[in-house]
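One letter stands for each residue in the lines below.
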Amino acid sequence: MKYYINIEGKDYRCAVCWNAVAMYLREKGLEELSDFGQVTKMSAHDALIMMYWALYYGEDIEGREFPYASYQKLGNVLGAGHISEFIAIFSEQMKSQLPAADAAPKGESKKKFF
């Protein structure tokens, strides 16, 4: 399923693909693949970074250039509704890509990003 977020009257594809995750980890200074498991919560700033890369690579998948040069430039035009929409899309895409991530071993709690 494809997801889009409307920003300034234009729909941009949002894809939490591997490139988006890898760039998010790099921005966070986490380079090892196992570091992804350490990401259990995201701050508002973290969500903006992940959203930027998901939109950037979503547009790349569609063969289009993403017009915002940085997550700071993107953040200048976003409102709380955009972030809420991204969180819902992020959660849905993570569930569909990592079905075992929702199941925790007995006695352990599930990890939550937000």
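Everything here concerns the structure above.
Residues numbered from 1 in each chain as written. Predicted model: local features only at pLDDT ≥ 70, side-chain atom pairs only at ≥ 80, totals over all residues. Heavy atoms only, no water.

Novice: Could you give an account of the packing of aromatic side chains, naming the residues involved and the relevant values?
Specialist: Aromatic rings considered in pairs are described by the distance between their centres and by the relative angle of their planes. Summed over all chains, the structure comprises 10 aromatic pairs. Consider the rings of tyrosine 56 and tyrosine 57, whose centres lie 5.0 Å apart with planes at 80 degrees: the pair is edge-to-face. An aromatic cluster is built from Tyr12, Tyr52, Trp53, Tyr56, Tyr57, Phe66 and Tyr68, whose rings are joined through pairwise contacts. (Phe/Tyr/Trp six-rings, centres within 6.5 Å; stacked < 30°, edge-to-face > 60°.)

Novice: Describe the side chain of serine 70, and please don't skip the residues or the numbers.
Specialist: When you line up the elements, serine 70 lands in the loop between helix H2 (44-61) and helix H3 (71-75). A distance of 3.2 Å separates a polar atom in the side chain of serine 70 from a polar atom in the side chain of glutamine 72. (Helix = DSSP H or I, 4+ residues; strand = E, 2+ residues; numbered from the N terminus. Polar contact = N/O pair within 3.5 Å; in protein donor to acceptor, adjacent residues only side chain to side chain.)

Novice: Report on the nonpolar core, specifying residues and quantitative values.
Specialist: Counting 31 residues, the largest nonpolar core has Ile5, Ile7, Met50, Leu55, Leu74 and Phe86 as its most contacted members. Residue assignment for this core shows that the elements contributing at least two residues are strand E1 (3-7), strand E2 (10-14), helix H1 (18-27), H2, H3 and helix H4 (80-97). Here this core gets nine residues from one element, more than from any other, and that element is H2. Those residues within four positions of isoleucine 5 in sequence are excluded, and the remaining contacts are Lys10, Asp11, Tyr12, Cys14, Met51, Leu55, His82, Glu85, Phe86 and Ile89. (Core = buried A, V, L, I, M, F, W, Y, C linked by side-chain atoms within 4.5 Å. Buried < 20%, exposed > 50% of the residue type's maximum accessible area, 1.4 Å probe, protein only. Contact = heavy atoms within 4.5 Å.)

Novice: Any details on unusual backbone geometry? Residues and values, ideally.
Specialist: The residue glutamate 8 is not glycine, and still its phi comes out positive at about 50 degrees. Summarising the element assignment, glutamate 8 is placed in the loop between E1 and E2.

Novice: Explain the environment of alanine 22 to me, and be specific about the residues and the numbers.
Specialist: Here alanine 22 lies in helix H1. When its relative accessible area of 30% is taken as the criterion, alanine 22 is described as partly exposed. Sequence spacing of alanine 22 and tryptophan 53 is 31 residues, and the spatial spacing of their C-alpha atoms is 9.2 Å.

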